[in-house]
Amino acid sequence: MSNSTTIKNKLRSVGLAPRKSLGQNFLSDDDVARKIVRFAGIKPTDIAVEIGPGIGALTRHLAQFARHVIAIEIDRNLIPLLEQELSDVTNVTILQADALEVDYARVIREAGGDETTPVRVVGNLPYYITSMMIRRILESHINTQAVVLTVQLEVAERMTALPGDMSLLAVGVQVYGKPELLMKLDPSVFYPQPEIDSAVVRIIPQGRIEHTVELFDLARAGFSQKRKQMRNTISAGLRIAKPDVDELLNGANIDPTRRAETLSIPEWAHLADNYVSHGYSIARTKRSDNLESDSDNNSDVAEPNTANSTEA
Ligand code: SAM
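Reading the values: rules and limits
Residues numbered from 1 in each chain as written. Predicted model: local features only at pLDDT ≥ 70, side-chain atom pairs only at ≥ 80, totals over all residues. Heavy atoms only, no water. Helix = DSSP H or I, 4+ residues; strand = E, 2+ residues; numbered from the N terminus. Buried < 20%, exposed > 50% of the residue type's maximum accessible area, 1.4 Å probe, protein only. Contact = heavy atoms within 4.5 Å. Areas by Shrake-Rupley, 256 points an atom, 1.4 Å probe, with all protein chains shown as cover. Pairing = 2+ DSSP bridges. Right-handed = clockwise from strand over helix to strand, strands pointing away. Core = buried A, V, L, I, M, F, W, Y, C linked by side-chain atoms within 4.5 Å. Domains from an automatic or database assignment. Axes fitted to C-alpha atoms, helices over the stretch in contact; angles between N-to-C directions.

Participant: Outline the overall build of the protein, supporting the account with residue identities and numerical values.
Facilitator: Per the secondary structure count, the protein includes 13 helices and nine strands. The proportion of buried residues among the 312 residues of the protein is 54%. Contacts in the protein between residues far apart in sequence, at least 24 positions, make up 71% of those at least 6 positions apart. Only carbon and sulfur atoms are counted for the fraction: they give 47% of the accessible area of the protein, which is about 13700 Å².

Now the structure itself:
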C-alpha cells in the first residue's frame, strides 16, 4: 500500500478528508520528512516547535532529536489521530491552537524551557500566513536558532530574492534573517498532490534590526505602487511632502529615484532609523501584520495554499 493510501485510510478511519482551506497536503515520503528534520539541525538540548503537524509525518522524527517537541495544530479534528499516531512518544506536547495566536515564550516555559533554551521551528503552512508566522516567532522572546519552512516554490524564490527583485515578502522575511532555499519538492511527495512544486527554506535569525514597525510601514508604502520611484511611493503612502521624502532618502544614502525592489535590508534599516530620528514614528499606513502582498503580487492574497491546490 502506498504511503498516500495509508494517509487517506487513516483520515477516513476517523471520517476525515484533507481540508484545502487549511493547506492540508500531508507529506507522504518518509525520506523527505527525515531530510527536512535534519535541515533544522536539532540538538538534544533543543526544544522543537512544529507548526501544523497534521498527522505527524515530521513530529516523530523531531521527537527523536529534540529534548521536547511542541506540536501546534489548528484543526481540532486531527488531534485524536495525531495523539494516536504519537501514543508511544513521550516527549511531544500537542497543542490545539492557531499558531499565529500562540504565546511562544509561555509554551516554551511550560515545556520546561526558558528564554535561553535553543528553539528550532519547523512547519509547513498555508503560505499566506508565512511572513506573519515568521514575524510572530522571531519577535517572541525565545531563543530561536532556525526556522525551517516548506512553502510553494515560487514563494521560496520570492523569500530568498536579492536586491533588484525584492518584494514586500522578501523584506518581511529577510529583516529577521537570511533565508536559504535548501530543497525543491515534487508534488508526488504529498497527499493529496498539489499542482505546484514546493521547496524547503531555512531561515537563520540574525542580529535584531531596530524600528521594524516603522521599517514595515516604509516598505508597505514603498511596494504599494508597481515600479514607481521611492520618492513618489513613500510620499503617497505615508503622506509626506516630496522634498521631505527626498531629505529622508538622501539622509539614508538612497537615491530618491530608486525603486523599492532595489533596496537591500541594510538600506531599509538605515531608512527606518532616519525616519524615526526625524520624528515620524507614528504609523501612517493602514497597518496589518501581513507582508505577503505587494502591488506586484496582489493575486497572492486570494490564493489559498502552500504546496496545496488539490482537495481529496
Ligand atoms: N506537517 C504535516 C505534514 O508534513 O504532513 C502537515 C502539513 S499540512 C501542509 C499543514 C498543516 O498545518 C495542516 O495540518 C493544517 O491543519 C495546519 N495549519 C494550518 N494553519 C494553521 C495555523 N494557523 N496554526 C496551526 N496549524 C495550522
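Participant: Outline the pairing of strand 2 (residues 47-51), listing residues and values.
Facilitator: A regular strand carries its side chains on alternate faces of the sheet. In terms of burial, strand 2 is largely enclosed, as five of its five residues are buried. Across the two faces of strand 2 the burial is the same, with Ile47, Val49 and Ile51 and Ala48 and Glu50 all buried. Pairing of strand 2 with strand 3 (residues 68-73) involves five bridges; the strand directions are parallel. Residue Val49 lies in a different strand from strand 3, and its bridge partner there is Ile70. Assessed by its sense of winding, the connection that carries the chain from strand 2 through helix 3 (residues 59-65) to strand 3 is right-handed.

Participant: Tell me what's going on with the nonpolar core, and back it up with residues and numbers.
Facilitator: One recurring pattern in soluble globular proteins: nonpolar side chains tend to sit buried together. Within the largest apolar cluster, 68 residues are counted, with the highest numbers of intra-cluster contacts made by Val49, Ile51, Ile72, Tyr104, Met159, Val171 and Trp268. Sort the elements by how many residues they give to this core and helix 12 (residues 265-277) lands first, with six residues. Split by domain, this core shows at least three residues from each of two domains, domain 1 (3-205) and domain 2 (212-285). What Tyr104 contacts, discounting residues up to four positions off in sequence, is Val49, Ile51, Ile72, Ala99, Met133, Arg136, Ile137, Ser140 and Ile142. Grouped together as the second largest cluster of nonpolar side chains are 25 residues, Ala40, Ala48, Val148 and Val189 included.

Participant: Give a detailed account of the sheet that holds strand 2, specifying residues and quantitative values.
Facilitator: In any sheet, the strands associate via hydrogen bonds between backbone groups, in a parallel or an antiparallel arrangement. Pairing within the open sheet is mixed, and its seven strands lie in the order 4-3-2-5-6-9-7. Each having just a single partner strand, strand 4 (92-96) and strand 7 (177-185) make up the two edges of the open sheet. Strand-to-strand twist across the sheet, computed as the mean angle between neighbouring axes with direction ignored, equals 15°. The sheet contact formed by strand 5 (residues 118-124) and strand 6 (residues 143-152) spans seven bridges and is parallel. From the neighbouring strand, Val122 faces strand 6, where its bridge partner is Val148. Taken strand by strand, helix 2 (residues 30-39) contacts strand 5, strand 6, strand 7 and strand 9 (198-205), and its axis lies near 165° from that of strand 7. Across the face of the sheet, helix 6 (residues 130-138) comes into contact with strand 2, strand 5, strand 6 and strand 9 while running at roughly 175° to strand 6.

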